[in-house]
Amino acid sequence: MIIRQRKAPVREMPHRINEHIKGVKEVRLVGDNVETGVYSLEEAIKIADNLELDLVEISATAVPPVCKIIDYQKFLYQQKKREKEKKAHSTKIVIKEIRFGPQTDDHDFNFKLKHAQEFLKDGNKVKAFVFFKGRSILFKDQGESLLARFAQELEEYGKPEQLPQLEGKRMIITIAPKKAKA
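An account of the accompanying structure is given in this report. Computed from a prediction, not measured in an experiment: that's the story for all the values here.

Moving on: the pattern of salt bridges. The full count for this structure, using the stated rule, is four salt bridges. Residue Lys127 is joined to Glu97 by a salt bridge in which the shortest nitrogen-to-oxygen separation is 3.9 Å. Of this pair, Lys127 sits in strand β6 (residues 125-131) while Glu97 sits in strand β5 (residues 95-100), placing them 30 residues apart in sequence. Taking the relative accessible area as the measure of exposure, Lys127 reaches 23% and is therefore partly exposed. A salt bridge links Lys121 to Glu118, with the nearest nitrogen and oxygen atoms 3.8 Å apart. Here the residue Lys121 and the residue Glu118 both occupy positions in helix α3 (residues 106-121), the gap between them amounting to three residues, near one helical turn. Note on Lys121: relative accessible area 53%, which makes it exposed. The partly exposed category is assigned to Glu118, whose relative accessible area is 43%.

Right, here's the structure in full:
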């Protein structure tokens, strides 16, 4: 019976560290408990070993390359933590669409208006459009007045980003929610 050992996948490191820094003779050294200056690569590695930390190449494009003496695992952990916080604080913009016909009656208009109010309260953008089929394109003015009335009714919930525009067979208006007052 032959047992084959699997090799663990080699992970690519985002930075070159310690002996993996190659092709340079001198590096600019920065970090805590270290005198900032230009050192030979071997000397910088010895300093890092004496402090029981890693020599990490921060800026490879600088002349000479900038290296920092830090605990590399701790550095990666803090970097991931910062990225996660940044992602948590970013907001996603959701655009909800509402479709009208050029001769939409009041009941349907009010029904769709209530939905738009909810969307804007939730912080979503509303993209309302009038879709013209066939010869209904002759009623462009009705579509424009419908969208203007729609924007006016939603004035306290959001503000229009632009006036109604005709794009092909659609007349479109986008309404952004008003910022909540803190």
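That was the structure; now back to the text.
Once that is clear, we can look at the packing of aromatic side chains. Applying the stated criterion across every chain, the model contains four aromatic pairs. Between the aromatic rings of Phe109 and Phe150, the centroid separation amounts to 6.0 Å while the plane-to-plane angle is 80 degrees, which identifies the pairing as edge-to-face. In this pair, Phe109 sits in helix α3 while Phe150 sits in helix α4 (residues 140-153), placing the two residues 41 residues apart along the sequence. Owing to a relative accessible area of 0%, Phe109 belongs among the buried residues under this scheme. Between Arg170 and the ring centre of Phe129, over which it is positioned, the NZ or CZ distance is 3.9 Å.

Take unusual backbone geometry next. Look at the link from Val63 to Pro64: it is a cis peptide, with omega at -15 degrees. You can see Pro64 is positioned in the loop between β3 (54-59) and β4 (66-70).

Our focus in this paragraph is the environment of Leu154. Here Leu154 is to be found in the loop between α4 and β7 (158-160). A relative accessible area of 0% means that Leu154 is categorised as buried. Considering only alpha carbons, one finds Leu154 and Ile17, 137 residues apart in sequence, at a separation of 57 Å. Every residue in contact with Leu154, bar those within four places of it in the chain, is listed here: Leu113, Ala116, Gln117, Leu120 and Ile175.

What counts, and at which threshold
Residues numbered from 1 in each chain as written. Predicted model: local features only at pLDDT ≥ 70, side-chain atom pairs only at ≥ 80, totals over all residues. Heavy atoms only, no water. Salt bridge = Lys/Arg side-chain N within 4 Å of Asp/Glu carboxyl O. Helix = DSSP H or I, 4+ residues; strand = E, 2+ residues; numbered from the N terminus. Buried < 20%, exposed > 50% of the residue type's maximum accessible area, 1.4 Å probe, protein only. Phe/Tyr/Trp six-rings, centres within 6.5 Å; stacked < 30°, edge-to-face > 60°. Lys NZ or Arg CZ within 6 Å of the ring centre and 35° of its normal. Contact = heavy atoms within 4.5 Å.

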